[in-house]
Amino acid sequence: MSAGTVRRTDLRYRIALNLRAVVGRSYPRIIGANREPSWIFFEGLLPLLGIAAYVFIYQSFGARALEAAAGDPAAQAAIKANTNALVASVVLGGTMVAFWLNVLWSMASQLYWEKEIGNLQLYMMAPMNRMALLGGMAVGGMFMTSVRAVSTLVAGIVVFGVVFQVADPLMLLAVFFVALTALYGLGMMFASLYLLWGREAWNLSALMEEPIFFSSGFYFPVGGLFRVPGWGPVVAILGSFVPATFGLDALRQLTLSRTAFGGQLWIFDVKTELYILVFMAVLFLILARYSLRYLELLAKREGKLTSRHQ
Amino acid sequence: MNTFWRTFKVAAWLGWEMDSNWTEPWLFIVYSVVKPVAGAFILVLMYTVFAIIGSRQDPAAFSYMYVGNSFFIFVGSVLFGTFQVIQSDREWYQTIRYVYMAPISYYVYIVGRAVSKIGVAAFAVAITLVFGVYFLGVQVHMTLAAVPLFLAATALGLAVLLAIGICLGGVSFLTAKHTHGLAEGIPGIFYVFCGVLFPLSVLPDWGVAVGRAIPLTYWFDLTRRLLSPTLGVETTLSGYSDLAILALLLVSSVAFFGLSLLIFKTGEYFARKAGKIDMTTSY
């Protein structure tokens, strides 16, 4: 065996190589963001306005309900508590929207985008594992998106006066990071699927915005869907294949308490949702690995790996 | 003039092909309808959840929100349809240098490219409204006499939107690949301040002042007055007659057209000077 072959099969060398690939691919997202300060305005601050609109809807409903309940202090107190909980739901949903959009546009569509601009063949020729490449994209994407997510949270607390009651911060962190891992695992799986597709990929990502915001309950507790007779539960069950559904439901329970909304709008308890999220994270990462390997082979065989603008 | 018309026609055809020929026509129709209808359903569920936990129905507020949201489809589509032309030609297809060098008006080319999005948006607005009226009990009672005013208001509203889109296009000559931030953020400004989903009175005083300074606020108000005259939701604009609002829209569309020319030409000038016309920012 030649010295070169021995070196390439050495585990330490391979781990170091793949870690370097993770760092290398996340670098442009983390450093590139710093070099382009306008990005913070466009990607961090402007999108807050859309979330503010949803906040104002609940406040508008709340104001009209308060008017109707004039002279009944108990009813007014209940309306105020419910409105605050719904506004908080929107703020949490807004943070998750940031991550979902990043998964769609900077993970799922990224290999397709790299193909379009001619970088994909360079990645394919490089000696690292493709999962390291996707891992680097995910790490960089999470960092970039955190700016927007944090600004949404801060705006929710400072501007809209949202009150969060965190009783179990460790569980909150666990749910958050497991949900993110599952989400980005899903994004990695989509990334490989998108390799085969042409412009359908872009349109599929566009199609997974509003319908997923709706079916996963980004702006309302998803349990509300189960209260709609007929189609509601079907949509909610379909939506729960996206990890954000359980992630958001658990985060809302952990920050608003289980008694919010009279306790009638939650799907499962937090622990059950955490287990489901762990299962999803593992499943999506495994599926991503296999689908990437298979679809890379298929794309090479069909000659689509470097074909642009199709 | 002939060159302008030819540029417009070809750009509109190109825009339509780029938007629609990636799939079968039936799938394109489904795609065009699913997104806006799902967007409307987010609001339906927000209303439903509030009604469930508060045990209180408010059909007038719901209809107000639903009609406003239906017409907001135009805002997202027209704005995105205009300002993304520069970024997609520059960053994605990398054809901007060829189109830009051609002996045509690039401004007219962008307007032409946006036209197909207006057509698709009009279809989505109609489907969303019809669905709301027949399945969700949205209150729409437009009289026949109101149709000409409605058409005129819609045309002027779209003209203002196109002009705003071109202004953003002028800015995006100089910015990196911020299409998604712009696509979400700029419509977000109108979503919040133009009384689309809730009356302006919900906003703080400074927010009401901002809303009243944006012509689209008057467009949404007039559209809602004509489509749903019986809602009875106080919008803070009841002092303006329908014709006064129409005149205001006419003046605004002319003013915004001038502004769009100014910003577009300025952005173009600085982009040429900095060598940014065909830059790519692929991070």
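Heads up: the structure comes first, above all this text.
Treat the numbers as computed from the prediction; the structure is a model and nothing was measured.

Trainee: Explanation requested: the interface of chain A and chain B in the structure shown.
Mentor: You'll often see interface size given as the accessible area lost when the parts meet. Of the residues lining the interface, 58 residues belong to chain A; the matching set on chain B comes to 54 residues. At the boundary of chain A with chain B, total buried surface from both sides reaches about 5200 Å², with 73% on carbon and sulfur atoms. Inspection of the region where chain A meets chain B yields three salt bridges. The salt bridge partner of Lys35(B) is Glu209(A), with a shortest N-O separation of 3.5 Å. Top element by residues in the side of chain A that touches chain B is helix α4 (residues 47-68) of chain A. It accounts for 15 residues.

Trainee: Help me understand the pattern of salt bridges in this model?
Mentor: Oppositely charged side chains can pair when the atoms bearing their charge come close. What the rule picks out here adds up to 10 salt bridges over all chains. Measuring nitrogen to oxygen at the nearest pair gives 2.9 Å for the salt bridge that ties Arg225(B) to Asp242(B). Taken as a pair, Arg225(B) in helix α9 (residues 215-227) and Asp242(B) in helix α10 (residues 242-273) lie far apart in primary sequence, 17 residues in all. Taken together, the salt bridges that share partners define one network made up of Glu209(A), Glu210(A) and Lys35(B).

Trainee: Which parts of the structure should I look at to understand the packing of helix α5 (residues 73-108) of chain A against helix α8 (residues 130-158) of chain A?
Mentor: The angle between the axes and the distance between the axes are what describe a pair of packed helices. Residues and elements named next belong to chain A. Remark: α5 packs on α8, axes separated minimally by 8 Å, with the N-to-C direction vectors making an angle of 155°. Our classification of the angle between α5 and α8 gives roughly antiparallel. Considering how the two elements wind past one another, α5 and α8 form a crossing that is right-handed. Across from Val91, Leu92, Gly94, Thr95, Val97, Ala98, Phe99, Leu101, Asn102, Ser106 and Met107 in α5, the residues of α8 making contact are Leu134, Met137, Ala138, Gly141, Met142, Thr145, Ser146, Arg148, Ala149, Thr152, Leu153 and Gly156. Classifying every residue of the contact of α5 with α8 by side-chain character gives 13 nonpolar, nine polar and one charged.

Trainee: Honestly, the state of the cysteines in this entry has me stumped. Any pointers?
Mentor: In a disulfide, the sulfur atoms of two cysteines are covalently bonded to one another. Residue and element names in this part refer to chain B. Counted by the stated rule, this structure contains zero disulfides over all chains. Not engaged in a disulfide, the cysteine Cys167 finds its nearest cysteine sulfur in Cys194; these two sulfurs lie 15 Å apart. With a relative accessible area of 9%, Cys167 lands in the buried category.

Parameters at a glance
Residues numbered from 1 in each chain as written. Chains lettered and ligands numbered in written order. Predicted model: local features only at pLDDT ≥ 70, side-chain atom pairs only at ≥ 80, totals over all residues. Heavy atoms only, no water. Contact = heavy atoms within 4.5 Å. Buried area = accessible area lost by both parts, 1.4 Å probe. Salt bridge = Lys/Arg side-chain N within 4 Å of Asp/Glu carboxyl O. Helix = DSSP H or I, 4+ residues; strand = E, 2+ residues; numbered from the N terminus. Axes fitted to C-alpha atoms, helices over the stretch in contact; angles between N-to-C directions. Parallel < 35°, antiparallel > 145°, perpendicular 65-115°, else oblique. Left-handed = near helix turned anticlockwise from the far one by under 90°. Nonpolar A, V, L, I, M, F, W, Y, C, P; charged D, E, K, R; others polar. Disulfide = S-S within 2.5 Å. Buried < 20%, exposed > 50% of the residue type's maximum accessible area, 1.4 Å probe, protein only.

From the geometry alone we can't say anything about function, so treat these as descriptive.
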